[in-house]
Amino acid sequence: KQEVTQIPAALSVPEGENLVLNCSFTDSAIYNLQWFRQDPGKGLTSLLLIQSSQREQTSGRLNASLDKSSGRSTLYIAASQPGDSATYLCAVGGDEKLTFGTGTRLTIIP
Amino acid sequence: GAGVSQSPSNKVTEKGKDVELRCDPISGHTALYWYRQRLGQGLEFLIYFQGNSAPDKSGLPSDRFSAERTGESVSTLTIQRTQQEDSAVYLCASSSAARVNTGELFFGEGSRLTVL
């Protein structure tokens, strides 16, 4: 059974700093990995999708990497802004459903 | 519509009552998913539809939960004889890919269910 872990559960950093969020998974036989953002009381917004054959994806200030063999992914956020404050979830795709981590709650301090 | 639409956005009900939650996926999306998110916890997979068939119902927590989908459009999640542990946000997502393994998932804003 796939298990997805995100550590830390919460993170606070001053505005302007670069930061890294971590995601680890136990079964490396995955099809893809997605990073989502969830704002309080809202649904999930897809940020980046990495197929299993890829090693990274970039969108604006966001960069996600994938190392299947070690069961790890990172989400790098450059020049953080208060609007980046949200919960970030990673999800691993396999067997027609996504398995989610419990998320990292990120707070950017102005 | 432009995105996945869910209704109601909030539902408060008494223990033992039945509730229906509705999801309108993005037009043309063949795959539809229901997830549950309890307070402070991750997303828990409930059920997956490909068209109007449900190849994977493995996540439904009990026989009080059921779901159906009309063609490749609206889906309804029904919870019978609700219990307090059913309180959660129920999220619906859709995908244009034949398999979620290859495509992005787009989520609605969820239906928050509170069972008193």
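Quantities reported herein were computed from a predicted structural model and do not represent experimental measurements.

A. Highlighting the interface of chain B and chain A. Tallying the contact residues gives 22 residues for chain B and 22 residues for chain A. Taken over both partners, the interface formed by chain B and chain A buries close to 1,800 Å², and the fraction arising from carbon and sulfur atoms is 51%. Between Glu109 of chain B and Lys42 of chain A there is a salt bridge whose closest N-O contact spans 3.9 Å. On the surface where chain B and chain A come into contact, there are three residue pairs in polar contact (both at pLDDT 80 or more). The set of elements that each furnish at least two residues to the side of chain B that touches chain A consists of strand 4 (31-37), strand 5 (43-50) and strand 6 (53-56) of chain B. Per-class residue counts for the side of chain B that touches chain A are 10 nonpolar, seven polar and five charged.

B. Expanded view of the layout of surface pockets. Empty space within the largest pocket amounts to approximately 710 Å³. In this structure, the largest pocket is lined by 31 residues; those nearest its centre are Gln38 and Gly41 of chain A together with Gln37, Leu39 and Arg112 of chain B. Secondary-structure elements contributing two or more residues to the lining of the largest pocket are strand 9 (86-94) and strand 11 (104-109) of chain A together with strand 9 (88-95) and strand 11 (111-115) of chain B. Broken down by element, the residue count for the lining of the largest pocket peaks at four residues, all from strand 11 of chain A. Here the second largest pocket defines a volume of roughly 480 Å³. As for the second largest pocket, its lining consists of 21 residues, and the residues nearest its centre are Lys1, Gln2, Glu3, Lys97 and Thr99 of chain A. Sort the elements by how many residues they give to the lining of the second largest pocket and strand 10 (residues 97-100) of chain A lands first, with four residues.

C. Broad picture of the packing of aromatic side chains. Tallying each qualifying case throughout the model produces seven aromatic pairs over all chains. Plain terms: the ring middles of Phe100 of chain A and Tyr35 of chain B are 5.3 Å apart, the flat faces sit at 80° to each other, and that makes the pair edge-to-face. Separated into two different chains, Phe100 of chain A in strand 10 and Tyr35 of chain B in strand 4 make up a pair that spans both. Among the residues examined, Phe100 of chain A registers a relative accessible area of 7% and is labelled buried. Relative to Phe107 of chain B, the ring of Phe100 of chain A has its centre 6.0 Å away and its plane inclined at 80°; by these criteria the two rings are edge-to-face. Separated into two different chains, Phe100 of chain A in strand 10 and Phe107 of chain B in strand 10 (residues 106-107) make up a pair that spans both.

Basis of the calculations
- Chains are numbered independently. Their residues run from 1 in the order of the written sequence.
- Written order determines the labels here, with chains lettered from A and ligands numbered from 1.
- Confidence filtering applies because this is a predicted model: local features only for residues at pLDDT of at least 70, side-chain atom pairs given and counted only at 80 or more, and all residues used for totals across whole chains, interfaces and linings.
- Excluded from the side-chain calculations are hydrogens and water; all other atoms, namely the structure's heavy atoms, are used.
- Every residue pair with non-hydrogen atoms within 4.5 Å of one another is taken to be in contact.
- Put simply, buried area is how much 1.4 Å-probe accessible surface two parts lose in total, over both of them, once they are put together.
- When a carboxyl oxygen of Asp or Glu lies within 4 Å of a side-chain nitrogen of Lys or Arg, that pair is called a salt bridge.
- We call two N or O atoms a polar contact when they sit within 3.5 Å, provided that within protein one can donate a hydrogen and the other can accept it, with sequence-adjacent residues counted only if both atoms are side-chain atoms.
- Helix and strand assignments come from DSSP, with helices taken as H or I runs of at least 4 residues and strands as E runs of at least 2, each series counted from the N terminus.
- Each residue gets one of three labels, nonpolar for Ala, Val, Leu, Ile, Met, Phe, Trp, Tyr, Cys and Pro, charged for Asp, Glu, Lys and Arg, and polar for the others, Gly among them.
- Only protein atoms enter the 1 Å grid used here, on which a cavity is any set of points holding a 1.4 Å probe that cannot leave and a pocket is any open set flanked by protein within 12 Å on both sides along at least five of seven lines; residues with an atom within 4 Å of a point are listed as lining.
- Grid points are joined across faces, edges and corners, and a volume is the space filled by probe spheres set on the points.
- Pairing of aromatic side chains here covers Phe, Tyr and the six-membered ring of Trp, requires ring centres within 6.5 Å, and sorts the geometry by plane angle: under 30 degrees stacked, over 60 edge-to-face, intermediate tilted.
- Each residue gets one of three labels from its accessible area relative to the maximum for its type: buried under 20%, exposed over 50%, partly exposed in between, using a 1.4 Å probe on protein chains only.

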